[in-house]
Amino acid sequence: WDTGIKLWKEMHNGEEKVKKMASSELEFRVTCYRYGQHLYQSAEMAGSLGAGLVDLFHWKVNLRYPELEVYLRIQESDMFAGIRISGMMNSESKENCDEVRAFNKRRDCRKSRDPRFHTMENQMVALQPCIASGLNSLAHMAFEQETYTLHTTTNNKTTTNLLLAMDPFAGTGAIGLESDPGVFYILGDQEHSAVKASALNSKKIPGRCGVMNWDARGLPVRSGVVDAIVTDAPFGHRCGNKKLIRKMYPKAFREFERMVRDGGVLVFMTAEEETSFILTQIRKESWTIVDMRSIDMGFVCRIIIARREHRS
């Protein structure tokens, strides 16, 4: 634990909670995520690890408003633990708890353990910030590799910029929030609660996101103006009926093709079992598959990267 604690202290140097750690007054909690079949529950494992940390460091347990979070992940027969380096998200602070609780009255909503300061609202299946940032990085790499570029001239030098991106299934807006400062994101979703969450989150980065309530089968955006579409597509029983979601995709991909510039980029994350169906839909339109990546989040997802062919 010494290396993790040392790094955590460096990240929070000068803060009151660092002094509390030295005096054994620090308040902490253990968050356990478990994937696979086991003879124990997540709460039991979190409690066991928490008890061990109390014996070792004499920290105080605070499950509701911790100053430090220990992360425990169990996947089949593998287990690892670590310390959350960044601070707890604002919606878990005492000041914002009542506001978040009032917003999350729906039975199927929950707050995630999102550590980013700008995330005020989180609902079910909110995308982790590190994954959202990775999707944006893939979009930038694919955009820069294409011979097509969006040119701007600065001091007689030509540079390549991805300026306008879109997430048509934005949810709580994680992808837009994790974009580079020079990119403007159009965020949209069909769920009113998701749009409300995205709007509140985007207030923390003013001028960088626009939020809309829409149906991806008929998007209110002009043709050929979007540089990149980056999205975590809906999948799984928590996002609705699988058959209805599949019926939505053909029209949605026609809209994506219409809006994206020649040479523009599509970064599309979906469940592994949906990959064949999604690839079929993409290839029906004017897209070229340039790369595919897999990511293990306790379940395997596939990231499909495609480029819009030039219009004849």
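S.K.: I'm lost on the overall build of the protein in this one. Help?
M.R.: Scanning the protein from terminus to terminus reveals 9 helices and 13 strands. Long-range contacts, defined here as pairs at least 24 residues apart, represent 66% of the contacts in the protein between residues at least 6 apart. Split by element, the accessible area of the protein, about 16,200 Å² in all, is 51% carbon and sulfur.

S.K.: Mind showing me how you'd approach the sheet that holds strand β12 (residues 287-296) here?
M.R.: Strands belonging to one sheet form pairs held by backbone hydrogen bonds; the direction of such a pair is parallel or antiparallel. Sheet architecture is open: 7 strands sit in the order β9-β8-β7-β10-β11-β13-β12, paired in mixed fashion. Looking at the sheet topology across the chains shown, the edges are occupied by β9 (209-213) and β12. The sheet shows a mean angle of 15° between the axes of neighbouring strands, direction not considered. In this structure, strand β7 (residues 164-167) lies alongside strand β8 (residues 184-189), joined through 4 bridges in parallel fashion. Paired with Leu164 across the strands is Phe184, a residue of β8. On the sheet, helix α7 (residues 192-202) packs against β8 and β9 and is oriented at approximately 165° with respect to β9.

S.K.: Could you clarify how one ought to interpret the nonpolar core in this entry?
M.R.: When a protein is soluble and globular, its nonpolar side chains tend to lie buried together. In terms of nonpolar packing, the biggest core is built from 30 residues, with Leu127, Leu135, Tyr185, Val230, Val267 and Met269 touching the most fellow members. Among the elements of the structure, α5 (129-145), α6 (174-177), β8, β10 (226-232), β11 (260-271) and β13 (300-308) are those that each provide at least two residues to this core. Per-element accounting of this core gives the leading share, 7 residues, to α5. Among all residues touching Met269, those that are not within four sequence positions of it are Leu127, Ile131, Leu135, Thr231, Asp232, Ala233, Phe235, Ile295, Met297, Cys301, Arg302 and Ile303. In this structure, Met166, Phe169, Ile278 and Leu279 belong to the second largest nonpolar core, which totals 28 residues.

S.K.: I tried to follow the pattern of salt bridges on my own but got confused; where do I start?
M.R.: Inspection of the entire model under this criterion finds 10 salt bridges. Between Arg258 and Glu255 there is a salt bridge, and its shortest N-O distance comes to 2.9 Å. With Arg258 and Glu255 both in helix α8 (residues 242-259) and 3 residues apart, the pair spans about one turn of that helix. For Arg302, the salt bridge goes to Glu272, with nearest N and O atoms at 3.0 Å. Highlighted residues: Arg302 in strand β13 and Glu272 in the loop between β11 and α9 (275-284), separated in sequence by 30 residues. Several salt bridges share partner residues, and in doing so they unite Arg29, Glu69 and Arg84 into one network.

S.K.: Sorry, what's going on with the pairing of β8 here?
M.R.: For a regular strand, side chains alternate in direction, first toward one face of the sheet and then toward the other. Counting buried positions along β8 yields 5 of 6 residues, so the element is predominantly enclosed. Bridging between β8 and β9 involves 5 bridges; their strand directions are parallel. Note on β9: the bridge partner recorded for Tyr185 is Cys209. As a crossover connection, the stretch from β8 through α7 into β9 is right-handed.

Thresholds, definitions, all that
- Residues numbered from 1 in each chain as written.
- Predicted model: local features only at pLDDT ≥ 70, side-chain atom pairs only at ≥ 80, totals over all residues.
- Heavy atoms only, no water.
- Helix = DSSP H or I, 4+ residues; strand = E, 2+ residues; numbered from the N terminus.
- Contact = heavy atoms within 4.5 Å.
- Areas by Shrake-Rupley, 256 points an atom, 1.4 Å probe, with all protein chains shown as cover.
- Pairing = 2+ DSSP bridges.
- Axes fitted to C-alpha atoms, helices over the stretch in contact; angles between N-to-C directions.
- Core = buried A, V, L, I, M, F, W, Y, C linked by side-chain atoms within 4.5 Å.
- Buried < 20%, exposed > 50% of the residue type's maximum accessible area, 1.4 Å probe, protein only.
- Salt bridge = Lys/Arg side-chain N within 4 Å of Asp/Glu carboxyl O.
- Right-handed = clockwise from strand over helix to strand, strands pointing away.

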